[in-house]
Amino acid sequence: MDEELLELQKQFEFAQHVKSTIRLSERNVVELVQKLHRLQIIDFDLLHTITGKEYITPEQLRNEIVAEINKLGRISLIDLADSTGVDLYHVEKQAQYVVSHDSSLMLINGEIIANTYWDTAAEEINERLQECSQIAIAEIAGQLQVGSELVVSILEPRLGTLVKGRLEGGQLYTPAYVARVSAMVRGAARGIFVPMNTSALWNSLQSLLQEMDGAVGVAVDASFFQSLFNGLVKEGAILGSLRAGVHWTPSVFAMAQKDCVDSFFSQNSFITYEALQKLGIPQPSQFLQSRYPDGISLDSTFAHPSIIEMLDAAVEDAIERNSWIDSLSVLPISFGSQDAFKILSLCPSVQAAQKSNKALILGDSYIFSNGFVKDLFDRMEKEMETLSIPGLTGAAPVDESRVAKNAKVVYDNSTSEVNETSSDAGKGSKKKKGKSSGNTKMGQAETGADNQESAPSKSKRSQRKGKVSSGSQTSDSKSGARKDEDAISEEWIIQKITSLNPDFEELGLDDPEMILLPLARHLRPLLLNSWKERRKAAFTDNSQKMKKLLDNLQKKLDESFLNMQLYEKALDLFDDDQSTSVLLHKHLLRTTGTSMVDTLLVNLDMHNKLTNGVPVEPQIPESISLSPGDRSALAKSLPGVLSAKAIATVEALEGKPVESFMLALREVAEESGLALKKLDKKLERTLLHSYRKDLTSQVSAETDPVSLLPQIISLLYVQVYGKALQAPGRAISPCVTRLKDKLDDPAFKTLVDYQSGTVSLLALMSAATGDEEDCTSDRILSKRELLEELMPALKGLVLGTSQSQT
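Residues numbered from 1 in each chain as written. Predicted model: local features only at pLDDT ≥ 70, side-chain atom pairs only at ≥ 80, totals over all residues. Heavy atoms only, no water.

Draft legend 1. Summary view of the overall build of the chain. A tally of regular secondary structure across the chain gives 36 helices and 17 strands. Across the chain, the fraction of contacts at a sequence separation of at least 24, relative to all contacts at a separation of at least 6, is 68%. By element, 51% of the accessible surface of the chain is carried by carbon and sulfur atoms, the whole surface being about 43,600 Å². (Helix = DSSP H or I, 4+ residues; strand = E, 2+ residues; numbered from the N terminus. Contact = heavy atoms within 4.5 Å. Areas by Shrake-Rupley, 256 points an atom, 1.4 Å probe, with all protein chains shown as cover.)

Draft legend 2. Focus on helix H35 (residues 745–767). With 23 residues, H35 should cover 33 Å at 1.5 Å per step; its first-to-last C-alpha distance of 32 Å lies within 8% of that length. Regarding H35, the residues found buried are Ala 747, Phe 748, Leu 751, Tyr 754, Gln 755, Gly 757, Thr 758, Leu 761 and Leu 764. The distance from a side-chain oxygen at the start of H35 to the backbone nitrogen of Ala 747 is 3.0 Å, and the residue carrying that oxygen is Asp 744. (Expected span 1.5 Å × (residues − 1). Buried < 20%, exposed > 50% of the residue type's maximum accessible area, 1.4 Å probe, protein only. Polar contact = N/O pair within 3.5 Å; in protein donor to acceptor, adjacent residues only side chain to side chain.)

Draft legend 3. Here's a closer look at the packing of helix H15 (residues 306–320) against helix H18 (residues 348–355). It is the contact of H15 with H18, at a shortest axis distance of 7 Å, that shows an interaxial angle of 40°. By the criterion of interaxial angle, the relationship of H15 to H18 is oblique. Facing Ile 308, Asp 312, Val 315, Glu 316 and Ile 319 of H15, the residues of H18 in contact are Pro 348, Ser 349, Val 350 and Ala 353. The class makeup of the residues in the contact of H15 with H18 is six nonpolar, one polar and two charged. (Axes fitted to C-alpha atoms, helices over the stretch in contact; angles between N-to-C directions. Parallel < 35°, antiparallel > 145°, perpendicular 65-115°, else oblique. Nonpolar A, V, L, I, M, F, W, Y, C, P; charged D, E, K, R; others polar.)

Draft legend 4. Highlighting the pairing of strand S16 (residues 359–362). Burial along S16 is two-sided: Ala 359 and Ile 361 and Leu 360 and Leu 362, pointing in opposite directions, are all buried. Judged from the four bridges that link them, S16 and strand S17 (residues 366–369) form a sheet pairing that is antiparallel. Each residue of the ladder has a partner; that of Ala 359, found in S17, is Ser 369. (Pairing = 2+ DSSP bridges.)

Draft legend 5. Inspection of the environment of Leu 665 at higher detail. If you trace the backbone, Leu 665 turns up in helix H31 (residues 658–672). Its relative accessible area of 1% is what places Leu 665 among the buried residues. Contacts of Leu 665, omitting those with residues within four sequence positions, involve Phe 561, Met 596, Leu 600, Thr 649 and Leu 676.

Draft legend 6. Quick look at the sheet that holds strand S15 (residues 324–326). Taken in spatial order, the three strands of this open sheet run S15-S17-S16, and their pairing is antiparallel. A single partner strand is all that each edge strand has here, and the edge strands are S15 and S16. The average undirected angle you get between the axes of adjacent strands in this sheet is 15°.

Draft legend 7. Quick peek at empty space enclosed by the protein. Considering all chains together, one arrives at one cavity of 30 Å³ or more under this definition. Size it by volume and the largest cavity reaches roughly 30 Å³. Every residue along the wall of the largest cavity is listed here: Trp 118, Ala 121, Ala 122, Ile 125, Leu 144, Val 151, Ile 154 and Leu 155. Of all elements in the fold, only helix H6 (115–132) and helix H8 (148–155) reach the threshold of two or more residues within the lining of the largest cavity. Considering each element in turn, the lining of the largest cavity owes the most residues, four residues, to H6. (1 Å grid on protein atoms, 1.4 Å probe; cavity = no way out; pocket = protein on both sides within 12 Å on 5 of 7 lines; lining within 4 Å. Points joined across faces, edges and corners; volume = space filled by probe spheres on them.)

Draft legend 8. Fine view of the side chain of Arg 631. In this structure, Arg 631 sits in helix H29 (residues 628–637). In this structure Arg 631 comes out as buried when scored by relative accessible area, which is 6%. The residues touching Arg 631, leaving out its near neighbours within four places in the chain, are Thr 594, Val 597, Asp 598, Leu 601, Leu 626, Val 650 and Leu 653.

Draft legend 9. The arrangement of the pattern of salt bridges in detail. With the rule as written, the count across this model stands at 15 salt bridges. Linking Lys 71 and Glu 68 is a salt bridge whose minimum nitrogen-to-oxygen distance equals 3.7 Å. Of the two residues, Lys 71 and Glu 68 are both situated in helix H3 (residues 58–72); the distance of three residues between them amounts to about one turn of the helix. Note on Lys 71: relative accessible area 59%, which makes it exposed. A salt bridge links Lys 278 to Glu 274, with the shortest nitrogen-to-oxygen separation between them at 3.9 Å. Separated by four residues within a single helix, Lys 278 and Glu 274 lie in helix H13 (residues 273–278), roughly one turn from each other. For Lys 278, a relative accessible area of 67% puts it in the exposed group. Take Glu 274: its relative accessible area is 52%, and that puts it in the exposed class. (Salt bridge = Lys/Arg side-chain N within 4 Å of Asp/Glu carboxyl O.)

Draft legend 10. The arrangement of the nonpolar core in detail. Ranked by size, the top nonpolar core spans 78 residues in total, and within it Phe 661, Ile 713, Leu 725 and Leu 751 carry the most contacts. With 10 residues, the single largest contributor to this core is helix H28 (residues 578–611). With residues up to four places along the chain from it excluded, the contact list for Leu 725 reads Ala 570, Phe 574, Leu 584, Tyr 691, Ile 713, Ser 714, Tyr 717 and Cys 735. Counting residues in each nonpolar core, the second largest holds 26 residues, with Trp 324, Phe 368, Val 373 and Ile 494 among its members. (Core = buried A, V, L, I, M, F, W, Y, C linked by side-chain atoms within 4.5 Å.)

Draft legend 11. Structural context of the confidence of the model for the chain. With 78% of its residues at a pLDDT of 70 or more, the chain has an overall mean of 74. Mean pLDDT across the elements of the chain bottoms out in helix H20 (residues 400–406) (33) and peaks in strand S14 (residues 301–303) (90). Predicted confidence is poor over residues 388–476, with pLDDT under 50, and the contacts of this stretch with residues over four places away or in other chains come to 154 contacts. For residues 802–806, every residue scores under 50 in pLDDT, and the model assigns this stretch five contacts once sequence neighbours within four places are set aside. (pLDDT = per-residue confidence, 0-100.)

Draft legend 12. The arrangement of the sheet that holds strand S13 (residues 296–297) in detail. Read across the sheet, three strands follow the order S12-S14-S13 without closing on themselves; strand pairing throughout is antiparallel. The open sheet has two edge strands with one neighbour each: strand S12 (270–272) and S13. In the sheet, S12 pairs with S14 via three bridges, with the strands oriented antiparallel. Counted as the bridge partner of Thr 272 is Thr 301 from S14. Of the strands in this sheet, S12 and S14 are in contact with helix H12 (residues 251–268), which crosses S12 at around 130°.

Draft legend 13. Focus on the packing of helix H4 (residues 77–84) against helix H5 (residues 88–100). Across the interface, H4 lies against H5 with an axial gap of 9 Å and an inter-helix angle of 115°. The handedness of the crossing between H4 and H5 is right-handed. Contact residues: Leu 77, Ile 78, Leu 80, Ala 81 and Thr 84 in H4; Leu 88, Val 91, Glu 92 and Ala 95 in H5. Taken together, the residues of the contact of H4 with H5 sort by class into seven nonpolar, one polar and one charged. (Left-handed = near helix turned anticlockwise from the far one by under 90°.)

Next comes the structure, spelled out in structure tokens:
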């Protein structure tokens, strides 16, 4: 056996020394390795080196990485790639594997760092800390070339072991330095006897440290001082309370505060919030409420319940004597009016008196017995019988709702009177709503149109008609109410109270109105209501007259306004002829518009007089013609907003477009509570038919050749354009010209000849003088005879057309 083994050894040695006759190139070796890898004979990964001449396994690369870490403790991945000769990608991949399987390692910013490295660094930091007393974390991070957060996370678990110090506010301090600063904080806090802001204290301690240590002094962060301070408070080394983290109140000061408050409150049974604020108590109401649960928190004062008992006795005595009392005269001088009002509302006698309607509180601090006020009211009501207000005899009633709101407390009989009056006034306003009849000329024509819109028209009419009593009458009522308020003013009531009760002057008060003004404000709405009752009777007498007047006015306006709208439609034919359009607008305003405005102003003036109680009989003539001065005077005499809108309507008559006048007329009618009927298609056809029929009758009966021409023109425009044209003499020529394309040549020539003859006749009549009277008269007679000869032909032209169309 030994011989066989020796023989094998000799053969192996011989094989080793024998030189190979076959040599493989590097390329063959690479191909051979790849072949073995494909055949899975090599079943593990192989990594190329950077030179490409060597293979290395991942396991070997990890071993080399671990070896480098163990040797250096901290190494970058780039250095590992250079030392191992492997591409950085593979080094990063294997480094992550190594770090994930070893908790003592960390991969940060492309570096692998072991815990042993941090232990060594912590020992070095500790040595330097003991030399310098403090080190900034930012400085350590800069030296180690890592982030400050990482340094903090590394140092915190090593504080007290490898690092003998305290980490606070981004600084490392030695225990000796911490003890030194803590002693300074404790001494400073114990030396404070008044509330103080801790930031100011830290600034003073910082300055003290700099003075003690000079240029090498440590810059201590305020958070470090605050942390030490909070620790001392928690340990009980310093006594006090910290509010909002920065406001320090020593216990000795809080005790002195409470002793001062207790002493004053026990002696006086009250204390003001201002006094507590001067003592440095920021929320006095909450402080006192928590300290004295039975106390009463007022607006500016905190009171003991005994204050209520004292005031209640004085008030009860005043109510029993049917007198009054100022609660501020009983309460301490520091009490305000709002404090007095709240104290009064808590008095049992006041609560019982108000519930039984025996007393009322006025002006916050004054309480009057109901008997005293009732007696005063009765005496002043008698004084009002001699009060004279010009122009208010039978004027419109005062606004009941406003009076009712202003009266805070009323007597039993006064309350019922006010309510009944308000109810009666509401019924009276409903009674004043009436219906106005339509145009008398077109009663049958309007029946059909009204049937279609009967419900909404009636509703709108009722609403607008209701405004008759709340439009012009309301403005008059407000005017009357203002006169009432001017006469029955608070000053007048104060004077009457003083004259009826001389005791108020004998009190010797610096400002008696402080007492009398609240009483006057309470009595004033009741006195106004009493005055209104007297006027209501006078107003009732005129209500029927006003209703009849408004109904008649509504009828006249319905007819005139519909005609105005009908004539307005014809103006659109001359929009392209500005000069003629201006003449037509002025003519329509001067005739129909002026008549409508005169009728409206006269009726509104009559209604205003009836509203103000002036005895007038509403008998107005059918045709009214006012001068411009009278028209403006009537518009200005109307009350309030109605006057302004009436003036605007009068101004719209002077050369302005018809549209502006119509708009102004609608506004003044709406303000007066009148409803202006809108011209619809059916009404337009009916009115146009009636207008045409009237014109036909006039043309048939006309014998004056001059008067015939405008009638012929108007009738032709109805027949040709279906428009009701109102044209003045100066606009006849352009109106005739516009008919040229609408008439045949013989008819148009007849019309032109007649128009030329009429112009010549008028020219001769205006040019006639005394010297040439005979000659001119002959020529005028000749022209008139010529026109009379043309009249039958002209009448036949329009009447024949009219008959055929009819």
